[in-house]
Amino acid sequence: MKDKLKIIIGKQALKKGVKELAHKISNDYKDKDPVLVGILKGSFIFMADLVRELQIPHKVDFISVASYGSGKCASGVVRWLKDLSINIEDKHVIIVEDIIDSGLTLNYIRNNLLTRNPKSLKIVTLLNKRRRRKIKIPLRYVGFFIANRFVVGYGLDYNEKYRNLPYIAQLKE
Ligand code: PRP
């Protein structure tokens, strides 16, 4: 059966939202040379657009994890696929996520990064599905709050499809 897509955050709104986040980060991290850590794969497009709007020196690195879960739900059990290549000890670190749902994946990653003694560790997420949260996570920067709908596009996938869409859309099977 063909998937039905309904746009919920359009291209222009995304552009504006990402620009605002970059502006806030640029103000808060002047002279701090932060390390932006993207969580693959979903964050790759958000990261690419975010750093192009940043107006401060910074570094970029990525982590890749696979969260075990059934279908559309994470379980919090995370398999580490790719680690950082930058040593973050004593560095200002910003985790860059595309979406936070249950929060279990990010909680695991955050706790792991904290053991490496960064000078500070904050989180920026493009999308926050707040009502699905299973664990409390401190979020410093949020692009958009979204309702409990399954969304794709702008890096987010369904079975590896739709990551290339230039907008965020709700997927209706
Ligand atoms: C998504 C997203 C987060 C996680 C959020 O990744 O990028 O990492 O799920 O879910 P949670 O808050 O319930 O833990 P996904 O597992 O779909 O992998 P991908 O980024 O490689 O597509």
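Residues numbered from 1 in each chain as written. Predicted model: local features only at pLDDT ≥ 70, side-chain atom pairs only at ≥ 80, totals over all residues. Heavy atoms only, no water.

Asks: So what's going on with the site of the ligand? Residues and values would help.
Replies: Around the ligand, the surrounding shell holds 16 residues, and the nearest of these are Glu97, Asp98, Ser102, Gly103 and Thr105. Separating an oxygen atom of the ligand from a backbone N or O atom of Gly42 is a distance of 2.8 Å. Within the complex, the protein chains bury 81% of what would otherwise be the 500 Å² of accessible surface of the ligand. Counting residues per element, the ones that place at least two in the shell around the ligand are β5 (92–100) and α3 (104–114). Residue contributions to the shell around the ligand peak at four residues, all from β5. Split by residue class, the shell around the ligand holds five nonpolar, five polar and six charged. (Near = heavy atom within 4 Å. Polar contact = N/O pair within 3.5 Å; in protein donor to acceptor, adjacent residues only side chain to side chain. Areas by Shrake-Rupley, 256 points an atom, 1.4 Å probe, with all protein chains shown as cover. Helix = DSSP H or I, 4+ residues; strand = E, 2+ residues; numbered from the N terminus. Nonpolar A, V, L, I, M, F, W, Y, C, P; charged D, E, K, R; others polar.)

Asks: Could you give me a rundown of the sheet that holds strand β1 (residues 4–9), with the residues and numbers involved?
Replies: Strand order in this open sheet of three strands is β1-β9-β8, and the pairing throughout is antiparallel. Either end of the sheet is taken by a strand with one partner, and the two such strands are β1 and β8 (151–152). (Pairing = 2+ DSSP bridges.)

Asks: So what about the packing of helix α1 (residues 11–28) against helix α2 (residues 44–53)? Which residues, and what values?
Replies: Where α1 contacts α2, the two axes come as close as 8 Å, and the packing angle between them is 55°. The pairing of α1 with α2 is recorded here as oblique in orientation. The element α1 and its partner α2 pack so that their crossing is right-handed. Across from Val18, Lys19, Leu21, Ala22, Ile25 and Ser26 in α1, the residues of α2 making contact are Phe46, Asp49, Leu50 and Glu53. Grouping the constituent residues of the contact of α1 with α2 by class yields six nonpolar, one polar and three charged. (Axes fitted to C-alpha atoms, helices over the stretch in contact; angles between N-to-C directions. Parallel < 35°, antiparallel > 145°, perpendicular 65-115°, else oblique. Left-handed = near helix turned anticlockwise from the far one by under 90°. Contact = heavy atoms within 4.5 Å.)

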